[in-house]
Amino acid sequence: APETTPHYESFEGDFTAIDNYTKIAIFSDDGCDVFINGVKVHSAKDRGQALPNFSQSLHKIDYSFQEGQTYLIRVDYSNTVYLGSADIDGASLFAYTEESS
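Residues numbered from 1 in each chain as written. Predicted model: local features only at pLDDT ≥ 70, side-chain atom pairs only at ≥ 80, totals over all residues. Heavy atoms only, no water.

### What to know about the pairing of strand E3 (residues 32–36)
Here is step 1: With respect to burial, E3 is a largely interior element, five of its five residues being buried.
Here is step 2: Judged by which residues are buried, E3 turns out to be covered on both faces: Cys-32, Val-34 and Ile-36 on one side and Asp-33 and Phe-35 on the other are all buried.
Here is step 3: As judged from the five bridges shared by E3 and strand E6 (residues 70–79), these two strands associate in the antiparallel manner. Residue pairing across strands places Ile-36 opposite Ile-73, the latter belonging to E6.
Here is step 4: Here E3 pairs with strand E4 (residues 39–43) via four bridges, running antiparallel. Considered in E4, the bridge of Phe-35 is made with Lys-40.
Here is step 5: Between E3 and E4, which pair antiparallel in sequence order, lie two residues; one of them, Asn-37, sits at a positive phi of approximately 50°. (Buried < 20%, exposed > 50% of the residue type's maximum accessible area, 1.4 Å probe, protein only. Helix = DSSP H or I, 4+ residues; strand = E, 2+ residues; numbered from the N terminus. Pairing = 2+ DSSP bridges.)

### Looking at the pairing of strand E2 (residues 22–28)
Here is step 1: For E2, the buried fraction is high: five of the seven residues fall into the buried class.
Here is step 2: In the sheet, E2 pairs with strand E5 (residues 58–61) via four bridges, with the strands oriented antiparallel. Residue pairing across strands places Ile-24 opposite Ile-61, the latter belonging to E5.

### Here's the deal with the packing of aromatic side chains
Here is step 1: Overall, the coordinates contain four aromatic pairs when judged by the stated rule.
Here is step 2: Ring plane angle 70° and centroid distance 5.5 Å describe the contact between Phe-15 and Phe-65, whose orientation is recorded as edge-to-face. Of this pair, Phe-15 sits in strand E1 (residues 7–16) while Phe-65 sits in the loop between E5 and E6, and the two are 50 residues apart along the sequence. Of the two residues examined, Phe-15 and Phe-65, each falls in the buried class.
Here is step 3: For the ring pair Tyr-63 and Phe-65, a centre distance of 4.9 Å and an interplane angle of 55° mean the geometry is tilted.
Here is step 4: Tyr-63 gets classed as partly exposed once you look at its relative accessible area, which sits at 22%.
Here is step 5: What makes Phe-65 buried here is its relative accessible area of 1%.
Here is step 6: An aromatic cluster of at least three residues, connected via ring pairs, comprises Phe-15, Tyr-63, Phe-65 and Tyr-71.
Here is step 7: Geometry around Phe-35 places Arg-74 over its ring, the cationic atom sitting 4.0 Å from the centre. (Phe/Tyr/Trp six-rings, centres within 6.5 Å; stacked < 30°, edge-to-face > 60°. Lys NZ or Arg CZ within 6 Å of the ring centre and 35° of its normal.)

This is the structure we're talking about:
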């Protein structure tokens with residue numbers, strides 16, 4: 001639990017796409033910015049979002065990955081409100097495959 005709000009954390013790591021249909025999505029409370037190879041591809045930092053409301057908290061990120069290519073992904077997370085044990089906070093980045101139709 002953060003001692004004060006807003007509270008910020010950054011996470012980064014390498015990601016290798018398994019095929020050309022690889023996609024990512026971010027699921028977060030209170031917003032995140034997402035960067036791929038230093039370029040911002042999602043902007044929602046400091047934007048209050050209710051985690052249980054998927055239309056606010058779950059976002060597909062539009063990016064074309066290339067099979068076998070490795071990318072540096074960074075998530076800048078913001079926790080703008082903390083209400084104790086009743087508050088759900090956090091972020092998850094998901095990778096999945098979505099074939100185009």
